[in-house]
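# Notes for the structure review
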Amino acid sequence: MTSPSPVLRPYRPEDREALFDICVRTGHEGGDARHLYPDPGLLPNIFAAPYAALEPELAFVVEDGGRAVGYILGTADTASFVDRYRAEWLPGLAERHPAPVREPASPTERMTALMHDPERMIVPELADYPAHLHIDLLPTHQRAGHGRRLMEAFLAALDEQGVKAVHLGVLTANTRARAFYDRVGFHGIAVPDAGPVTYLGRSTQ
């Protein structure tokens, strides 16, 4: 008897634990980041959980064996998301992750600084691509078509909302991720002083 195939479906609140796990296990250039961040909630509370909480209609997962093994999530409007993140999400993290009071010196301190600076997401050169996204799949489920299916679901949901274009940021060193984004229609966007990140965009259609 064969096992059921993985299925793509909308995110549910009970996927939260799996969402956190996927985020951490793919959080270092696409690989496991658990050795870098002692607090397993740090990365997910920046790059995954706020989107699932604030815009759940744009969150989708691939489920295999009763558990999420990959996700895509994001926002239809980056500027509005930044405002909501600061007003509705960040206050709940301030005690667990207080804002840095010195120049960040460790991976945890650098990520905490990002957490407390959501305005960094507003980049003038990306104004024509108002939506943005994050997508992650466990290594066991990569290169099987699930990423493309997740992307298609997310783009269709944005299109239904009348959003015309979307962007993302990928670490330039993560060449495997960049190859995937190229295959699903993203192109580079020139952003001065982007640091270690390459920005990509595409239409939702």
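Here goes a summary of the coordinates provided. (Residues numbered from 1 in each chain as written. Predicted model: local features only at pLDDT ≥ 70, side-chain atom pairs only at ≥ 80, totals over all residues. Heavy atoms only, no water.)

The subject of this paragraph is the pairing of strand 3 (residues 67-75). For strand 3, the tally of buried residues reaches eight of nine residues, placing the bulk of the element in the interior. The sheet contact formed by strand 2 (residues 60-64) and strand 3 spans five bridges and is antiparallel. Within the sheet, the bridge partner assigned to D64 lies in strand 3 and is R67. Counted between consecutive antiparallel strands, the loop separating strand 2 from strand 3 contains two residues, among which G65 sits at a positive phi close to 65°. The pairing of strand 3 with strand 4 (residues 131-137) spans six bridges and is antiparallel. Along strand 4, the bridge assignment pairs I72 with I135. (Buried < 20%, exposed > 50% of the residue type's maximum accessible area, 1.4 Å probe, protein only. Helix = DSSP H or I, 4+ residues; strand = E, 2+ residues; numbered from the N terminus. Pairing = 2+ DSSP bridges.)

Counting 58 residues, the largest nonpolar core has L133, M151, Y181 and F186 as the members making the most contacts within it. If one sorts the elements of this core by residue count, helix 6 (residues 146-160) sits on top with seven residues. In this structure, Y181 is in contact with I135, M151, L168, V170, F186 and L200, ignoring residues within four places of it in sequence. With seven residues, the next largest nonpolar core counts V123, Y129, A165 and V191 among its residues. (Core = buried A, V, L, I, M, F, W, Y, C linked by side-chain atoms within 4.5 Å. Contact = heavy atoms within 4.5 Å.)

A word on the side chain of H116. Looking at the element boundaries, H116 is found in the loop between helix 5 (107-115) and strand 4. Contacts of H116, omitting those with residues within four sequence positions, involve R86, L90, H97, P98, A99 and P100.

Another aspect to go through is the sheet that holds strand 1 (residues 7-10). Paired through their backbone hydrogen bonds, the strands of a sheet run either parallel or antiparallel. Reading across the sheet, the seven strands line up as 1-2-3-4-5-7-6 and stay open at both edges, with mixed pairing between neighbours. Of all the strands in the sheet, the pair left with one neighbour each is strand 1 and strand 6 (187-189). Shown here is a sheet whose adjacent strand axes are inclined to one another by a mean of 30°, direction ignored. Bridge count for strand 4 against strand 5 (residues 165-171) is two bridges, and the pairing is parallel. Looking across to strand 5, one finds that H132 is bridged to H167. (Axes fitted to C-alpha atoms, helices over the stretch in contact; angles between N-to-C directions.)

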